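Reading the structure
One letter stands for each residue in the lines below.
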Amino acid sequence: MELENLKPAKGATTKKVRVGRGIGSGIGKTSGKGHKGQNARSGGGVRPGFEGGNIPMIRKVPIRGFNNKNFTKRYACVNVGDLEAFEANAVIDQELLYQTRFIGKRSEYGLKVLGDGELTKPLTIKASKVTKQAREKIEKVGGKIEEI
């Protein structure tokens, strides 16, 4: 088998159908669009959710409840295990983690330290929030936490 001998499997490629090219083609005249009407026109058809002029179901169903999603606080999160990459006694804050690409973007609410992973070096961490597990692991190895 050579590179120049390669070709698609039989039936894998089909010719483009040219509609509206005479009565003998089987798809001439109206080009498979039927007779007149909205769907026969260019750009024709109805928008998604349109139900022929009836009140759409989405408008019939009442809106219920309250969504607090817009008011949630989103912190930049980092695990204790990720902080193992820094040298001992380093001062770690949100800006340093952003510059070293441990977090994707800075959060207006600050940094949150989570407790996944292990830590063996004492570090000074400046964060807005620290979980109980993370606090125990950091203080166990002699580290400090400064809550902002």
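Scroll up a little and you will see the structure.
Residues numbered from 1 in each chain as written. Predicted model: local features only at pLDDT ≥ 70, side-chain atom pairs only at ≥ 80, totals over all residues. Heavy atoms only, no water.

Here we look at the nonpolar core
One finds L83, F86, I92, L97, V113, L123 and I125 to be the most contacted residues of the largest nonpolar core, which totals 19 residues. Sorting the residues of this core by element identifies β1 (76-79), β3 (111-114), β4 (124-127) and α3 (132-140) as the ones contributing at least two each. With sequence-adjacent residues up to four places away left out, L123 is seen in contact with L83, F86, E87, A88, N89, A90, I92, I138, G143 and K144. (Core = buried A, V, L, I, M, F, W, Y, C linked by side-chain atoms within 4.5 Å. Buried < 20%, exposed > 50% of the residue type's maximum accessible area, 1.4 Å probe, protein only. Helix = DSSP H or I, 4+ residues; strand = E, 2+ residues; numbered from the N terminus. Contact = heavy atoms within 4.5 Å.)

Side note on the side chain of K137
Of note, K137 is situated in helix α3. Apart from the residues lying within four places of it in its own chain, the contact partners of K137 are V80, G115, D116, G117 and E118.

Considerations on the pairing of β1
Alternating positions in β1 separate cleanly, A76 and V78 being buried on one face and C77 and N79 remaining unburied on the opposite face. Pairing geometry for β1 and β3, over four bridges, is parallel. Each residue of the ladder has a partner; that of C77, found in β3, is K112. (Pairing = 2+ DSSP bridges.)

Quick look at the pattern of salt bridges
Applying the stated rule across the entire model yields three salt bridges. Linking R106 and E95 is a salt bridge whose minimum nitrogen-to-oxygen distance equals 3.0 Å. Here E95 lies in helix α2 (residues 94-99) and R106 lies in the loop between α2 and β3, a separation of eleven residues in the sequence. Its relative accessible area of 45% is what places R106 among the partly exposed residues. (Salt bridge = Lys/Arg side-chain N within 4 Å of Asp/Glu carboxyl O.)

Side note on the sheet that holds strand β5 (residues 129-130)
If you trace the three strands from one edge of the open sheet to the other, you get β1-β3-β5, paired in parallel fashion. Of all the strands in the sheet, the pair left with one neighbour each is β1 and β5. Bridging between β3 and β5 involves two bridges; their strand directions are parallel. Across the sheet, residue V113 finds its bridge partner in β5, namely V130.

Considering the sheet that holds strand β2 (residues 91-92)
In spatial order, the strands read β2-β4-β6; together these three strands make up an open sheet with parallel pairing. Two strands bound the open sheet, and with one partner strand each, they are β2 and β6 (144-147). Pairing analysis gives four bridges linking β4 to β6, with the strands arranged parallel. By the bridge assignment for β6, T124 is matched with K144. Strand contacts of α3: β4 and β6, with the helix running at about 135 degrees to β6, the strand carrying the most contacts. (Axes fitted to C-alpha atoms, helices over the stretch in contact; angles between N-to-C directions.)

Topic: unusual backbone geometry
Trans peptide bonds make up the majority, and among non-glycine residues the majority have a negative phi. A positive phi is found at K29, a non-glycine position, where the angle reads about 50 degrees. Secondary-structure assignment places K29 in the segment before α1 (57-60).

Examining the side chain of S107
By the secondary structure assignment, S107 is in the loop between α2 and β3. With near-sequence residues (within four places) excluded, S107 lies in contact with R74, Y75, A76 and Q94.

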